[in-house]
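Given next are the chains, with one letter for each unit.
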Amino acid sequence: MNRIIIDTDPGVDDALAIAFALSSPLDVIGVSTVFGNSSVADSTQNALTIVDLLEKNTPVYAGARRPMNGKSKRASSHGKNGLGGLELKTNRTQQQAGAQKFIVEQLRSANEPIDIVAIGPATNIALILKNYPDVVAKIGQVVVMAGVIDAAGNITDKAEFNAYNDPLALQIVLSAPIRTVLIPADVCRKVVFTTDVFNRIRNEGMRDAMLKLTAAYITYYQQNDDFETFEGGVMYDLLAVAYILNPTLFTTINSEVRVNLDGGPDYGMTTLGDSKAGSLVARDVDASRVKGLFLATLNGTI
Ligand code: BDR
Ligand code: CA
């Protein structure tokens, strides 16, 4: 199974993505963190908490505090510490090395390609692509949850959260000479999670933690009338892990993706360009199979 690094800003849906990957046959060699849903300090603490909950020893490395360019905006749907109502504490600590150094060293010494699951602002990955061109060929693929195609944004009318928080970084990643897979928010919105899914987790401690993690986030979506009425929460980031585990769950097209950097009302907006060269862009997903795979993976029944 693929060796992966998860680059993340936990975040309720990031936490689910980490739990999903750590429960799966994927070889998660490390978790790198980035600012985004909260500060990088909170993201790092939250990543450590989830690794601890899963009883794994996966190392956690802190990364970028701010975007390459422009300002960042925090999210409001993930609760005050970024993990909804989950108030677990951990004694675990982050590694001394920074996220970019860790990723570069892993790539340099790798005999097999390493995949990167990028589920926060793309800052860490873009800085590596820009500053360490010698490691680029060692990347198997970058699966990015970011952007929104032909639909409203979630941080502005036009922009999705991860794209808005570092559009330059996203543009660098999506135009790099590597395989990139984009899972945009409009596809994620097709997979809606209600508490029913989490109630079916068999291990009592894990079920309780997952229900605490997701309850307020799900309510936020149910009560949010910005777009349409959702019956539950959109767990964006776990779709990037689902893609690595089983790409056949998704329908994709080959397309260039443009990211608006202009600074006006379209800042961070993502659109498909005319060229077919560029990224694999998800356009549809089998929602019930994604939820089934998530649950079976957490329950160890796969
Ligand atoms: C993305 O924004 C964040 O709030 C989520 O964690 C996800 O990565 C969805 O737009
Ligand atoms: Ca995220």
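Above: the structure in question.
Conventions adopted
- Residues numbered from 1 in each chain as written.
- Chains lettered and ligands numbered in written order.
- Predicted model: local features only at pLDDT ≥ 70, side-chain atom pairs only at ≥ 80, totals over all residues.
- Heavy atoms only, no water.
- Pairing = 2+ DSSP bridges.
- Helix = DSSP H or I, 4+ residues; strand = E, 2+ residues; numbered from the N terminus.
- Contact = heavy atoms within 4.5 Å.
- Axes fitted to C-alpha atoms, helices over the stretch in contact; angles between N-to-C directions.
- Near = heavy atom within 4 Å.
- Polar contact = N/O pair within 3.5 Å; in protein donor to acceptor, adjacent residues only side chain to side chain.
- Areas by Shrake-Rupley, 256 points an atom, 1.4 Å probe, with all protein chains shown as cover.
- 1 Å grid on protein atoms, 1.4 Å probe; cavity = no way out; pocket = protein on both sides within 12 Å on 5 of 7 lines; lining within 4 Å.
- Sits in = over half its atoms within 2 Å of the grid points.
- Nonpolar A, V, L, I, M, F, W, Y, C, P; charged D, E, K, R; others polar.
- Buried < 20%, exposed > 50% of the residue type's maximum accessible area, 1.4 Å probe, protein only.
- Phe/Tyr/Trp six-rings, centres within 6.5 Å; stacked < 30°, edge-to-face > 60°.

Caption draft 1: How the structure looks around the sheet that holds strand S2 (residues 27-33). Read across the open sheet, the 8 strands follow the order S3-S2-S1-S4-S5-S6-S12-S9; overall the sheet is mixed. If you trace the sheet from one side to the other, it starts and ends with strand S3 (60-61) and strand S9 (250-255), each paired once. In this sheet, strand S12 (residues 279-285) lies alongside S9 in antiparallel orientation, the contact comprising 6 bridges. Of the residues in S12, the one forming a bridge with threonine 252 is alanine 282. Lying on the sheet, helix H3 (residues 99-109) is in contact with strand S1 (3-8), S2, S3, strand S4 (114-118) and strand S5 (139-145); it crosses S2 at an angle near 150°. Contacts from helix H6 (residues 167-174) reach S5, strand S6 (180-183) and S12 within the one sheet, and its direction differs from that of S5 by about 140°.

Caption draft 2: A look at the site of ligand 1. The local shell around ligand 1 consists of Asp13, Asp14, Asn37, His78, Ile119, Met145, Asn154, Glu160, Phe161, Asn162, Tyr236 and Asp237. Asparagine 37 is positioned such that a nitrogen or oxygen atom in its side chain is 2.6 Å from an oxygen atom of ligand 1. Taking asparagine 162, its side chain carries an N or O atom lying 2.9 Å from an oxygen atom of ligand 1. When ligand 1 is considered free in solution it has 280 Å² of accessible area, and contact with the protein chains removes 97% of it. More than half of the atoms belonging to ligand 1 lie within 2 Å of the grid points that define the largest pocket. Elements represented by at least two residues in the shell around ligand 1 include exactly helix H1 (12-23) and helix H5 (161-165). A per-class count over the shell around ligand 1 returns 4 nonpolar, 4 polar and 4 charged.

Caption draft 3: Local environment of unusual backbone geometry. A cis amide bond links proline 10 with the next residue in sequence, glycine 11, at an omega value of -10°. The residue glycine 11 is located in the loop between S1 and H1 in this model. The backbone of glutamate 55 shows a phi angle near 55°, a positive value even though the residue is not glycine. Tracing the backbone through its elements, the reader meets glutamate 55 in the loop between helix H2 (40-53) and S3. In this structure glutamate 55 comes out as exposed when scored by relative accessible area, which is 69%. Positive phi values are uncommon outside glycine, yet aspartate 150 reaches one of about 55°. Along the chain, aspartate 150 turns up in the loop between S5 and H5.

Caption draft 4: Molecular detail of the packing of aromatic side chains. Scanning all chains against the criterion turns up 11 aromatic pairs. An angle of 45° between the planes, with centres 5.1 Å apart, marks the rings of tyrosine 217 and tyrosine 221 as tilted. Residue tyrosine 217 and its partner tyrosine 221 are located together in helix H9 (residues 204-223), separated by 4 residues, close to a single helical turn. Each member of the pair, tyrosine 217 as well as tyrosine 221, carries the same accessibility label: buried. For the ring pair tyrosine 221 and phenylalanine 230, a centre distance of 5.7 Å and an interplane angle of 80° mean the geometry is edge-to-face. Accessibility expressed as a relative area gives 6% for tyrosine 221, which makes it buried. For phenylalanine 230, a relative accessible area of 7% puts it in the buried group. Three or more aromatic residues joined by ring pairs form one cluster here, namely Tyr217, Tyr220, Tyr221, Phe230 and Tyr236.

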